[in-house]
Amino acid sequence: MDWSKAKTILIVALLVTNIFLAYFLYGAQDTGNAVLDPEFIQETEDLLGRNGIVLQTEIPTKTQQLYNLTVEYEIMQPGRINESFFGSEGTINRSEGAVVEIDNGKEEVTVINEKLMIYENSGEEAVNSIEDIEQAVDLALGFLQERGYETQDMGLSYWRETETGYYLDFTKTFQDSYIELSYTLFRIENGNIVRMERTWLNTKEIEQTDYKIVPAPKAILELLSMGDASNKTITDITLCYYFDPEKQEYLDDYQQAKEGRAVPAWRVQFKDGYKVILDLE
């Protein structure tokens, strides 16, 4: 094979692609409409494909009305968790930092910064028969309901079956849109919930917004610069709300953030569970 010739062809192809994209992104008078042109969308899909990114869903061309949301973390108080999980029979151990452990035999709950809760159960005896994903979801939601948690705002955003059970990823929802990064993860093995991890956001205020979000066909081009997105399959592209404490400029220590603003963003879900939030303006 003439590698010199092949290299030349590749360079020319890339130049043509860059010129094409530059026209749509910068040369057209109405960029918003230009990037929604079928020709641009097709070129976007081709570029993703060349980088090993497979599309199993359509690239959205419309955006629904979203709001500015003020969200606040669900505060996880060790005393309340001890009561709801163990009937106040657990032993609360506090470290010098922001970590609290609540021990009750084979079950343990770890609370970090009062915003992250990790439940673990080392018991091996199966108490439930799980035959499909519906039963797995019922088990997980029932687990929370029995401990006094509301579950109407929990959407199953990802799941997979394992050799011994299921892995479930629930995300906070508001009017059919996900709020990131707000999650409750379950690992079910042999009919038991052996681990749950939860960081949850609650909606505090809702306001109209003139926030201009980048159209999806343009936004997902950002994936081309992300090495972790290569050789993966996209299963869903949707608008969501995104709260990142590190981007709240008024906070001196984002780890101590209790609330903040969640803005519209594009949420890209991959087949293997990996997801990317594109909050470009």
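Scroll up for the structure.
Rules of the game
Residues numbered from 1 in each chain as written. Predicted model: local features only at pLDDT ≥ 70, side-chain atom pairs only at ≥ 80, totals over all residues. Heavy atoms only, no water. Salt bridge = Lys/Arg side-chain N within 4 Å of Asp/Glu carboxyl O. Helix = DSSP H or I, 4+ residues; strand = E, 2+ residues; numbered from the N terminus. Buried < 20%, exposed > 50% of the residue type's maximum accessible area, 1.4 Å probe, protein only. Arc of directions from axis to C-beta. Polar contact = N/O pair within 3.5 Å; in protein donor to acceptor, adjacent residues only side chain to side chain. Contact = heavy atoms within 4.5 Å. Core = buried A, V, L, I, M, F, W, Y, C linked by side-chain atoms within 4.5 Å. Pairing = 2+ DSSP bridges. Phe/Tyr/Trp six-rings, centres within 6.5 Å; stacked < 30°, edge-to-face > 60°. Lys NZ or Arg CZ within 6 Å of the ring centre and 35° of its normal.

Peer 1: Talk me through the pattern of salt bridges; I want residue IDs and the actual numbers.
Peer 2: What the rule picks out here adds up to 11 salt bridges. The residue Arg198 makes a salt bridge to Glu74 at a minimum N-O spacing of 2.9 Å. Of this pair, Arg198 sits in strand E10 (residues 192–199) while Glu74 is found in the loop between strand E2 (68–73) and helix H4 (78–86), placing the two residues 124 residues apart along the sequence. Looking at Glu74, the relative accessible area reads 14%, which means it is buried. Lys275 serves as the salt-bridge partner of Glu180, at 3.0 Å between the closest nitrogen and oxygen. In this pair, Glu180 sits in strand E9 (residues 177–189) while Lys275 sits in strand E14 (residues 275–278), placing the two residues 95 residues apart along the sequence.

Peer 1: Please provide a residue-by-residue account of H4, values included.
Peer 2: Burial in H4 covers these residues: Pro78, Ile81, Asn82, Phe85 and Phe86. Along the long axis of H4, the arc covered by the buried residues comes to 100 degrees, so they all point the same way.

Peer 1: Go over the side chain of Glu74, please, and point to the residues and values.
Peer 2: One polar contact links Glu74 to Arg198, side chain to side chain, over a distance of 2.9 Å. Discounting chain neighbours no more than four positions away, the residues touching Glu74 are Glu114, Lys115, Tyr149, Arg198, Trp200 and Asn202.

Peer 1: Outline the nonpolar core, listing residues and values.
Peer 2: Burial of nonpolar side chains together is a common tendency in soluble globular proteins. In terms of nonpolar packing, the biggest core is built from 32 residues, with Leu69, Ile220, Leu223, Tyr241, Trp266, Val268 and Phe270 touching the most fellow members. Counting residues per element, the ones that place at least two in this core are helix H3 (38–50), E2, helix H6 (216–219), strand E12 (233–242), strand E13 (259–270) and E14. At five residues, the largest contribution of residues to this core is made by E13. For Val268, the residues in contact, after removing those within four places along its chain, are Ile220, Leu223, Ile234, Asp236, Tyr274, Lys275, Val276 and Leu278. Membership of the second largest hydrophobic core comes to 28 residues, among which are Ile81, Phe186, Ile188 and Ile193.

Peer 1: Describe in detail unusual backbone geometry, supporting the description with residues and values.
Peer 2: With the exception of glycine, most residues fall at negative phi, and the peptide bonds are largely trans. Glu180 connects to Leu181 through a cis peptide bond whose omega is 0 degrees. In this structure, Leu181 sits in strand E9. For Ser88, which is not glycine, the phi torsion reads 65 degrees and is therefore positive. A positive phi angle, near 60 degrees, is found at Glu114, a position not held by glycine.

Peer 1: So what's going on with the pairing of E10? Which residues, and what values?
Peer 2: For E10, the buried fraction is high: seven of the eight residues fall into the buried class. Sheet topology note: the strand E6 (residues 116–121)/E10 ladder contains four bridges and is antiparallel. Note that in E10 the partner of Tyr119 across the bridge is Met196. Where E9 and E10 come together, seven bridges link them in antiparallel fashion. Pairing of Arg187 across the sheet is with Arg195, part of E10. Taking the residues between adjacent antiparallel strands as the criterion, E9 and E10 are bridged by two residues, where Asn190 takes a positive phi near 50 degrees.

Peer 1: Lay out the side chain of Asp153 in plain terms, naming residues and giving numbers.
Peer 2: Turning to its location among the elements, Asp153 is positioned in the loop between helix H5 (133–145) and strand E7 (154–161). Of the residues examined, Asp153 reaches a relative accessible area of 17% and is grouped as buried. One polar contact links Asp153 to Lys172, side chain to side chain, over a distance of 2.7 Å. Discounting chain neighbours no more than four positions away, the residues touching Asp153 are Thr171, Lys172, Thr173 and Trp200.

Peer 1: How would you summarise the environment of Gly155 if you had to cite specific residues and measurements?
Peer 2: Inspection of the secondary structure assignment puts Gly155 in strand E7. On the basis of relative accessible area, Gly155 is assigned to the buried category, the value being 12%. Sequence spacing of Gly155 and Lys172 is 17 residues, and the spatial spacing of their C-alpha atoms is 6.3 Å. With residues near it in sequence (within four places) discarded, Gly155 still touches Asp169, Phe170, Thr171, Thr173 and Tyr178.

Peer 1: Requested: an account of the packing of aromatic side chains, with residues and values cited.
Peer 2: The geometry of an aromatic ring pair comes down to the distance between the two centres and the angle between the two planes. What the rule picks out here adds up to 12 aromatic pairs. Linked through ring pairs, Phe85, Phe86, Tyr119, Phe143, Tyr149, Phe170 and Phe186 together constitute an aromatic cluster. Seen from the ring of Phe143, Arg147 lies directly overhead, with NZ or CZ sitting 3.8 Å from the centre. Sitting above the plane of the Tyr167 ring, Arg160 keeps its charged end 4.5 Å from the centroid.

Peer 1: An account of the pairing of E13 is needed here, citing residue identities and associated values.
Peer 2: For E13, the buried fraction is high: 10 of the 12 residues fall into the buried class. Two elements, E2 and E13, share four bridges in a ladder whose sense is antiparallel. The partner of Val71 across the bridge, within E13, is Gly260. Here E12 runs beside E13; their pairing, made up of eight bridges, is antiparallel. Following the sheet pairing, Tyr241 is matched in E13 by Pro264. When E13 meets E14, the two strands line up antiparallel, connected through four bridges. Counterpart to Trp266 in the pairing with E14 is Leu278. Adjacent in sequence and paired antiparallel, E13 and E14 are bridged by four residues, among which Gly273 carries a positive phi angle near 100 degrees.

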